[in-house]
Amino acid sequence: MIVASVRAMALSIGMVTVDCADPAALSTFWSAALDTTVAQNYDDAFIMLAPPPRGGPLLAFQLVPEPRSGKNRLHLDLGAPVGGRQAEVERLVRLGATELGERGDPSVFAWTTLTDPEGNEFCIGEHEGVSSPAAP
């Protein structure tokens, strides 16, 4: 008889780090987008945001010398309250995002794809149970 060893999960996602040309500019955009603040700034070369009040992973922005090339392989999926996606898209565009378009099937699940000021793609969908930005 072979008995499989069961190991308790030891890992969790602690932070998502974005390589970028201007950590200060991206941290300004994302802190406003997620209603958080800068927690640590290491000479504008590595900047960590405080935990977002509505949850999610920590974000950090790291200065790299090479320019971004091609489509990013990892992107953030943000959740807006049902009926609130378009208002969030408009708010993020005012902060400096660029809207790329709506995707999916609105009768099932739809989302909007945007880019941050450095061209990193992210999406916004609507989810039941997501609290309103005005909610406590």
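Position numbers for residues start from 1 in each chain and track the written sequence from start to end. pLDDT decides what is reported in this predicted model: residues at 70 or higher carry local features, side-chain atom pairs at 80 or more are listed and counted, and totals for whole chains, interfaces and linings draw on all residues regardless. Excluding hydrogens and water, the side-chain values take into account all heavy atoms of the structure.

Labelled according to an unreviewed UniProt entry, the protein chain appears under the name VOC family protein, originating from Pseudonocardia adelaidensis.

A.B. asks: How would you explain the overall build of the protein chain if you had to name every residue and give the values?
C.D. replies: Each helix and strand in the protein chain was counted, giving two helices and eight strands. By definition, any uninterrupted DSSP run of H or I lasting at least four residues is a helix, any uninterrupted run of E lasting at least two residues is a strand, and each is numbered from the N terminus. Ordering the α and β elements of the protein chain from the N terminus gives β-α-β-β-β-β-α-β-β-β. Working definition: with a 1.4 Å probe on protein chains only, accessible area under 20% of the residue-type maximum means buried, over 50% means exposed, and in between means partly exposed. Per-residue burial for the protein chain yields a buried fraction of 31% across its 136 residues. Only heavy atoms matter for contacts: two residues are in contact if any of them lie within 4.5 Å across the pair. Taking the intrachain contacts of the protein chain between residues at least 6 apart in sequence as the baseline, contacts between residues at least 24 apart amount to 52%.

A.B. asks: Quick one: what's the story with the packing of aromatic side chains, residue by residue and with numbers?
C.D. replies: Think of it this way: a Phe, Tyr or Trp ring, Trp meaning its six-membered ring, pairs with another when their centres are within 6.5 Å, and the plane angle makes it stacked under 30 degrees, edge-to-face over 60, tilted otherwise. One pass over the structure, following the stated rule, counts five aromatic pairs. Both rings, one in Phe 29 and one in Phe 122, keep their centres 6.3 Å apart while their planes meet at 55°; by these two values the pair is tilted. With Phe 29 in helix H1 (residues 23-33) and Phe 122 in strand S8 (residues 121-127), this residue pair connects regions lying 93 residues apart in the sequence. For the pair formed by Phe 29 and Phe 122, the shared burial category is buried.

A.B. asks: Give a detailed account of helix H2 (residues 85-95), specifying residues and quantitative values.
C.D. replies: Within the span of H2, buried status applies to Arg 85, Glu 88, Val 89 and Leu 92. Down the axis of H2, the buried set is contained in an arc of 100°. They therefore lie on one face. Tucked into the core, H2 has its buried residues touching H1, strand S5 (76-81), strand S6 (98-105), strand S7 (109-115) and S8. As used here, the arc belongs to the directions running from the helix axis to the C-beta atoms.

A.B. asks: Lay out H1 with the relevant residues and their values.
C.D. replies: Listing the buried residues of H1 in full gives Pro 23, Leu 26, Ser 27, Phe 29, Trp 30, Ser 31 and Ala 33. Remark: Asp 35 follows H1 within two positions and exhibits a positive phi of approximately 55°.

A.B. asks: With reference to specific residues and values, describe unusual backbone geometry.
C.D. replies: Despite not being glycine, Asp 35 has its phi angle at roughly 55°, a positive value. Along the chain, Asp 35 falls in the loop between H1 and strand S2 (38-42).

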